[in-house]
Amino acid sequence: MMLIADSGSTKTDWCIIDKYGDKKVVQTIGINPYHMNSAAIREVLDKELYPFINPDSINEVFFYGSGCSTDLKCRTVDNVLTDFFTQASVEVNHDLLGAARALCDHKPGIACILGTGSNSCFFDGKEITQNAVSLGFVLGDEGSGAHLGKQLVVDYFHNNLPGELKTLINEEFRLSLESTLDAIYNQPRPNRFLASFSPFIFKHKEHPYFKELLLKSFDEFFRISVCKYEGFNAVDVNFLGSIAFFFSDLLHISAEKFGISIGSISRSAIEGLSLYHISEN
């Protein structure tokens with residue numbers, strides 16, 4: 001049996017494909033080697049995945065993960081997976097390659113991720129040929145849930161929010177400066193904390209403040225992560241992730257400013273990756 005994993009910072013979708021092509025999807029928390037050591041990754045496999053999967057039944061594992069952007073980080077994940085799936089060959093790649101394969105299949109195009117974090121690449125139909133620099137949620141991640149949450153938190157504590165929004169935030173989150181700074185600077189996965197404001201933003205996305213915030217964030221993403229590719233307006237720009245999926249209307253508005261043609265928008269890569277790997281076998 002084949003196992004395909006699409007892992008972001010928030011969640012991981014695991015798709016088991018048997019010899020008949022039947023699929024079963026299991027979800028765990030996200031696995032990111034920048035925020036988790038080997039022991040933490042193994043704990044996710046033991047506690048959240050093992051109840052649904054017999055590791056010895058898996059022959060092939062294809063893992064696409066956020067944070068698997070260097071050989072060292074790929075090896076960290078590879079070693080844990082190899083130790084867990086003792087009967088399987090394991091291949092670990094960056095989630096950006098997973099996005100490209102899921103969105104573009106074997107055709108040239110630009111693949112973008114807009115979820116907890118953000119990233120993009122130019123895909124020639126076989127491999128990634130260009131990749132905009134991704135600086136993470138502290139210095140970059142424009143257009144992402146973490147970026148939107150960061151801007152909201154900054155405006156909240158600087159008293160730059162409209163009064164009615166600040167009241168709503170007080171009622172729903174009861175933010176304090178101490179707890180917020182602790183979540184960002186001392187607790188694990190601060191990017192997930194910032195992205196956790198995304199459902200609230202979606203609920204109130206028609207408010208002028210949020211509409212402006214979203215469009216400005218998407219504009220920055222296109223300017224920094226798409227428009228720098230040669231020929232960016234000659235191919236479809238495709239998107240993966242919950243932010244792109246739920247705010248697609250505003251994403252299209254922003255794209256039009258730059259003459260960008262948006263192709264497909266998917267919330268998850270797992271279906272596209274399943275079809276890709278089935279066709280490869």
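Up top is the structure these notes are about.
Residues numbered from 1 in each chain as written. Predicted model: local features only at pLDDT ≥ 70, side-chain atom pairs only at ≥ 80, totals over all residues. Heavy atoms only, no water.

A. Quick peek at the side chain of Arg101. Tracing the sequence through the fold places Arg101 in helix α3 (residues 95-104). At 3.4 Å, the side chain of Arg101 and the side chain of Tyr276 are in polar contact. Apart from residues no more than four positions distant in its own chain, Arg101 is found in contact with Tyr64, Glu91, Asn93, Phe123, Leu273, Tyr276 and His277. (Helix = DSSP H or I, 4+ residues; strand = E, 2+ residues; numbered from the N terminus. Polar contact = N/O pair within 3.5 Å; in protein donor to acceptor, adjacent residues only side chain to side chain. Contact = heavy atoms within 4.5 Å.)

B. Molecular detail of the packing of helix α1 (residues 38-49) against helix α2 (residues 71-84). The interhelical angle for the contact between α1 and α2, taken along N-to-C directions, is 40°, at an axis separation of 9 Å. Classified by the angle their axes make, α1 and α2 are oblique. As α1 packs across α2, the resulting crossing turns out to be right-handed. Here Ser38, Ile41, Arg42, Leu45, Asp46 and Leu49 of α1 lie close against α2, whose contacting residues are Thr76, Val77, Val80, Leu81, Asp83 and Phe84. By residue class, the composition of the contact of α1 with α2 is seven nonpolar, two polar and three charged. (Axes fitted to C-alpha atoms, helices over the stretch in contact; angles between N-to-C directions. Parallel < 35°, antiparallel > 145°, perpendicular 65-115°, else oblique. Left-handed = near helix turned anticlockwise from the far one by under 90°. Nonpolar A, V, L, I, M, F, W, Y, C, P; charged D, E, K, R; others polar.)

C. Layout of the pattern of salt bridges. A complete count under the given rule lists nine salt bridges for this structure. Note that Glu91 and Arg101 form a salt bridge whose closest N and O atoms lie 4.0 Å from each other. Here Glu91 is found in strand β5 (residues 89-94), whereas its partner Arg101 is found in helix α3, with 10 residues between them in sequence. Overall, the relative accessible area of 32% leaves Glu91 in the partly exposed class. Members of the salt-bridge network, linked through shared partners, are Arg42, Asp46 and Asp83. (Salt bridge = Lys/Arg side-chain N within 4 Å of Asp/Glu carboxyl O. Buried < 20%, exposed > 50% of the residue type's maximum accessible area, 1.4 Å probe, protein only.)

The values are spatial; any link to function lies outside them.
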